[in-house]
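Below are the chains, spelled out letter by letter.
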Amino acid sequence: MQAILPDEVATKELGTWLGQRMQAGDTLWLHGDLGAGKTTLVRGLAEGLGITDRVTSPTFTFVHEFAGRLPFYHFDLYRLDDPEEVWDLGWSDYLGGQGVVAVEWPERLGENWPMAGLHITLTPVTLPDGSWARALTLESQGDEALRFLKELRATCSSLDWIVPQA
């Protein structure tokens, strides 16, 4: 599924919408360049999970843990040098567990990692009127994440913060 998020507010609202629907064991894989809006989306996700703590990118610690409606684990792998380092973080305990996992920069894990879940790619774009927006691509790997795409597709005409693309 592809859409346009017209501004930062819309990006956060998508995160909130997703967070309200998250279930234990859900994983989001967040793709996009620096400044694309990944952390903004995660802030909304945390809000949707009922988390009131300040959410920042865990660039220097790799993971931040939050308590909300469900435990929430926010990974930022930008500074990951070796994909094997994630095992030192207790990686296997987070994925598919009792909480929700959001991973920024999952491509740092290499090509041989199973990445079941919802993949979200954010790409800055300039619209015909000269304004700036984010192109959004949502892809599901596995049945669990498919429910997000189905619900979003069914309701997106009533969501004022998303512009569906053909």
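Criteria and thresholds
- Residues numbered from 1 in each chain as written.
- Predicted model: local features only at pLDDT ≥ 70, side-chain atom pairs only at ≥ 80, totals over all residues.
- Heavy atoms only, no water.
- UniProt positions renumbered as here; feature names shortened; annotations may be inferred.
- Helix = DSSP H or I, 4+ residues; strand = E, 2+ residues; numbered from the N terminus.
- Buried < 20%, exposed > 50% of the residue type's maximum accessible area, 1.4 Å probe, protein only.
- Areas by Shrake-Rupley, 256 points an atom, 1.4 Å probe, with all protein chains shown as cover.
- Salt bridge = Lys/Arg side-chain N within 4 Å of Asp/Glu carboxyl O.
- Core = buried A, V, L, I, M, F, W, Y, C linked by side-chain atoms within 4.5 Å.
- Contact = heavy atoms within 4.5 Å.
- pLDDT = per-residue confidence, 0-100.
- Phe/Tyr/Trp six-rings, centres within 6.5 Å; stacked < 30°, edge-to-face > 60°.

- An unreviewed UniProt entry lists the protein chain under the name tRNA threonylcarbamoyladenosine biosynthesis protein TsaE, from Heliophilum fasciatum.
- Quoted verbatim from the Sequence similarities (unreviewed entry) heading of the UniProt record, the comment on the protein chain is "Belongs to the TsaE family."
- UniProt annotates the protein chain under Subcellular location (unreviewed entry) with the comment "Cytoplasm".

**Points about the overall build of the protein chain**
Phase 1 of the analysis: Tallying secondary structure elements over the protein chain gives four helices and eight strands in all.
Phase 2 of the analysis: Along the protein chain, helices (α) and strands (β) appear in the sequence β-α-β-α-β-β-α-β-β-β-α-β when read from the amino end.
Phase 3 of the analysis: Scored against the burial criterion, the 166 residues of the protein chain give a buried share of 48%.
Phase 4 of the analysis: With an accessible surface of roughly 8300 Å², the protein chain has 49% of that area assigned to carbon and sulfur atoms.

**As for the pattern of salt bridges**
Side chains that differ in charge, positive against negative, can pair when their charged atoms come close.
Phase 1 of the analysis: On inspection of all chains with the given rule, the structure shows one salt bridge.
Phase 2 of the analysis: In this structure, glutamate 47 and lysine 12 form a salt bridge, with 3.2 Å as the shortest nitrogen-oxygen distance. Note that glutamate 47 is positioned in helix H2 (residues 38-48) and lysine 12 in helix H1 (residues 8-21), a separation of 35 residues in sequence.
Phase 3 of the analysis: On the basis of relative accessibility, which here comes to 34%, the residue lysine 12 falls in the partly exposed class.

**A look at the nonpolar core**
Phase 1 of the analysis: If you look at the biggest cluster of nonpolar residues, it comprises 31 residues, and the most contacted ones within it are Leu18, Phe72 and Ile120.
Phase 2 of the analysis: For leucine 18, the residues in contact, after removing those within four places along its chain, are Leu45, Leu118, Ile120 and Phe148.
Phase 3 of the analysis: In terms of nonpolar packing, the next biggest core, distinct from the first, is built from 16 residues, Trp29, Leu80, Leu109 and Met115 among them.

**A closer look at the confidence of the model for the protein chain**
Phase 1 of the analysis: Scored by pLDDT, the protein chain comes out at a mean of 82, with 89% of its residues at no less than 70.
Phase 2 of the analysis: By mean pLDDT, strand E8 (residues 163-164) is the weakest element of the protein chain at 56, and H2 is the strongest at 93.

**Description of the packing of aromatic side chains**
Phase 1 of the analysis: Counted under the stated rule, the structure contains two aromatic pairs.
Phase 2 of the analysis: Centroid distance phenylalanine 66 to phenylalanine 72: 5.9 Å. Interplanar angle 25°. Geometry classified as stacked.
Phase 3 of the analysis: In this structure phenylalanine 72 comes out as buried when scored by relative accessible area, which is 0%.

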